[in-house]
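What follows is each chain in one-letter form.
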Amino acid sequence: MKQLIRKIPLCVSIVTGMVIASCNNTATQPVVAETKKDTIACSPESSKLDTAKIAEVTGMKGTVKNGEYKITVPQNDLHIVVDGFKIIPPMGLGTWIAFTPCGDSVMMMGDIILSENDVAPVQQEVIRQGLSITAIHNHFVRNRPNVMYMHIDGFGNAATLAANAKAILNKVSEVRGADPKAAKGDSVVNTLNIPMLDSLMGHKGERSKGVYKYTIGRPDVMLKEHGVPISTFMGFNTWAAWQGTPEKAAVAGDFTMLMDEVQPVIKTLIENGIEVVAVHNHMVHEEPKIFFLHYWGVGPAEKLAKGLKAALDKTGKGMGH
């Protein structure tokens, strides 16, 4: 693999369905890496991620956790309101791209937040960079302005994938006319009884800009995409983000579900007055098959928390406890 990559300016190298480079017009064509279509065998003991190289190429400092690396771009320039509540990055308005090692290669996954005007040019850039689009969907309804979420993935050399990621983020900035994270970040009011929420939810969250957010993994499911293990850090999680007052709270989030959990979770949420706004995939070649559900609830915080806990109890092996 290393020998092939050193020859990028000179030749075309295709390895198990992955385009490494193009010979034609190397000065203007992007170096691309496509998601491999077959199952990848990763050796944990030989897998190591060059996070310094990713940071250097992208020009962005990320977060490292258990050998994986994630870049997050808060969409501070998007002033979204849903039912009178401001949606700020901790409420689900943060683009992210994460990298996980697999032998001497890397798998990249991401969730790119787009305005309606961003969708066409950015998806064209993703394809131009040789990456895969695995989902395009909403997180909210009645949001003004409207935003969409586009999931991407790719597999290859860390520096190449970092360059692909940078090109996509640059395209968003180009279309918007400014870097989304350069705008001033906003905050929201939160006077919720956090110990009460923790007790009802059975988990502890983290506070950011007034938002209190739970991120809950699925240790009962060993998820793989193309044979590469997918962690909570890489987006395989259920989350709930809160703001507001005890009398009128807002909660937004995402459930991750196995096939047989989908209908019980939907039924439980709706019966508890929590609106289901989207059900979809985030990946394509994952095993086992996973579905994601986005929800939105407004009302007394205690009632919402009890409803979410009841839905959590419909998933996993004791996950909601």
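Note that the structure is predicted; figures quoted are calculated from it, not measured.

Remarks on unusual backbone geometry
Consideration 1: Of note, the bond from Arg-144 into Pro-145 is cis; its omega dihedral lies within 30 degrees of zero at -5°.
Consideration 2: Of note, Pro-145 is situated in the loop between strand E9 (132–137) and strand E10 (147–156).
Consideration 3: With omega at -5°, the peptide bond leading from Glu-287 into Pro-288 counts as cis.
Consideration 4: By secondary structure assignment, the location of Pro-288 is in the loop between strand E18 (286–287) and strand E19 (290–299).
Consideration 5: Phi angles above zero are rare outside glycine, and Asn-66 is one such case at about 50°.
Consideration 6: The residue Asn-66 is located in the loop between strand E3 (63–65) and strand E4 (68–74) in this model.
Consideration 7: On the basis of relative accessibility, which here comes to 73%, the residue Asn-66 falls in the exposed class.

Remarks on the packing of helix H2 (residues 51–58) against helix H4 (residues 158–176)
Consideration 1: Taken N-terminus to C-terminus, the directions of H2 and H4 make an angle of 30°; their axes are 8 Å apart at the nearest point. What the angle tells us is that H2 and H4 run roughly parallel. At the point where H2 passes H4, the crossing takes the right-handed sense. Contacts between H2 and H4 involve Lys-53, Ile-54, Val-57 and Thr-58 on the former and, on the latter, Ala-158, Ala-159, Ala-162, Ala-163 and Lys-166.
Consideration 2: Here the residues of the contact of H2 with H4 are counted per class, giving six nonpolar, one polar and two charged.

Some details on the pairing of strand E15 (residues 238–244)
Consideration 1: The buried fraction of E15 is high, at seven of seven residues.
Consideration 2: Counting the residues in the hairpin turn of E15 and strand E16 (residues 249–258) gives four residues.

Here we look at the packing of helix H6 (residues 262–271) against helix H7 (residues 301–312)
Consideration 1: Contact pair H6 / H7: the axes reach a minimum separation of 8 Å and the direction vectors enclose 165°. The angle between H6 and H7 falls in the class roughly antiparallel. Of the two elements, H6 crosses H7, and the hand of that crossing is right-handed. Residues Val-265, Thr-268 and Leu-269 of H6 lie in contact with H7, whose contacting residues are Gly-307, Leu-308, Ala-310 and Ala-311.
Consideration 2: Partitioning the contact of H6 with H7 into residue classes produces five nonpolar, two polar and no charged.

Quick notes on H4
Consideration 1: For H4, with 19 residues, the first-to-last C-alpha span of 27 Å sits near the 27 Å given by 1.5 Å per residue.
Consideration 2: Considered for burial, the residues of H4 that qualify are Ala-158, Thr-160, Leu-161, Ala-162, Asn-164, Ala-165, Ala-167, Ile-168, Leu-169, Lys-171, Val-172 and Ser-173.
Consideration 3: Against H2, E4, strand E7 (94–102), strand E8 (105–115), helix H3 (119–128) and E10 lie the buried residues of H4.

What about the environment of Glu-225?
Consideration 1: Relative to the elements of secondary structure, Glu-225 occurs in strand E13 (residues 224–225).
Consideration 2: A C-alpha to C-alpha distance of 5.5 Å links Glu-225 and His-285, two positions 60 residues apart in sequence.
Consideration 3: The residues touching Glu-225, leaving out its near neighbours within four places in the chain, are Met-107, Asp-153, Ile-230, Met-283, Val-284, His-285 and Glu-286.
Consideration 4: Reaching out from Glu-225, the side chain makes a polar contact with the backbone nitrogen of Glu-286 at a distance of 2.7 Å.

Some details on the confidence of the model for the protein
Consideration 1: For the protein, per-residue confidence averages 88 on the pLDDT scale, and 84% of positions sit at 70 or higher.
Consideration 2: In this model residues 1–28 is a low-confidence stretch, pLDDT under 50, and it forms 38 contacts with partners more than four residues away in sequence or in other chains.

Concerning the nonpolar core
Consideration 1: Counting 26 residues, the largest nonpolar core has Trp-242, Phe-255, Leu-269, Tyr-295 and Leu-308 as the members making the most contacts within it.
Consideration 2: Of all the elements in the fold, those that place two or more residues in this core are helix H5 (194–201), strand E12 (211–216), E15, E16, H6, E19 and H7.
Consideration 3: Of the residues forming this core, the biggest block, six residues, is contributed by H7.
Consideration 4: Core analysis: the next-biggest nonpolar cluster, separate from the first, contains 25 residues, Met-60, Val-73, Val-119 and Ile-168 among them.

Considering the pattern of salt bridges
Consideration 1: Within the structure shown, the criterion is met by 16 salt bridges.
Consideration 2: With a closest N to O distance of 3.5 Å, Lys-53 and Glu-56 form a salt bridge. Here Lys-53 pairs with Glu-56, and both are found in helix H2, just three residues apart, close to one helical turn.
Consideration 3: When its relative accessible area of 30% is taken as the criterion, Lys-53 is described as partly exposed.

Rules used throughout
Sequence order as written defines residue numbering, which begins from 1 separately in each chain. With the structure being a predicted model, the display of local features is reserved for residues of pLDDT at least 70 and the display and counting of side-chain atom pairs for 80 or more, all residues being used for whole-chain, interface and lining totals. Hydrogens and water molecules were not included; the side-chain quantities draw on all heavy atoms of the structure. A helix here means a DSSP run of H or I that spans at least four residues, while a strand means a run of E at least two residues long, and both kinds are numbered starting from the N terminus. Accessibility here uses a 1.4 Å probe with only protein chains present; expressed as a share of the type maximum, an area under 20% marks a residue as buried, one over 50% as exposed, and anything in between as partly exposed. Here the axes come from fitting lines to C-alpha atoms, over the contacting stretch only for helices, and the angles between their N-to-C directions go from 0 to 180 degrees. Small angles under 35 degrees read as roughly parallel and large ones over 145 as roughly antiparallel, with 65 to 115 read as roughly perpendicular and the rest as oblique. The hand of a helix crossing depends on one turn: near helix anticlockwise from the far one by less than a right angle means left-handed, and clockwise means right-handed. Note on definitions: a residue-residue contact is assigned when non-hydrogen atoms from the two residues lie within 4.5 Å. Any residue outside Ala, Val, Leu, Ile, Met, Phe, Trp, Tyr, Cys, Pro, Asp, Glu, Lys and Arg is labelled polar, Gly included; the first ten of those are nonpolar and the last four are charged. Strands qualify as paired when DSSP identifies two bridges or more between them. Residue count minus one, scaled by 1.5 Å, sets the expected span of a helix. Polar contact is defined as a pair of N or O atoms within 3.5 Å, subject to the rule that within protein one atom must be able to donate a hydrogen and the other to accept it, and that residues adjacent in sequence are counted only when both atoms are side-chain atoms. Each residue gets a pLDDT score, which is the predictor's confidence in that residue and runs from 0 to 100. For this analysis, a nonpolar core means a set of buried residues of the types Ala, Val, Leu, Ile, Met, Phe, Trp, Tyr and Cys, connected via side-chain atoms within 4.5 Å. Every case where a carboxyl oxygen of Asp or Glu lies within 4 Å of a side-chain nitrogen of Lys or Arg is listed as a salt bridge.

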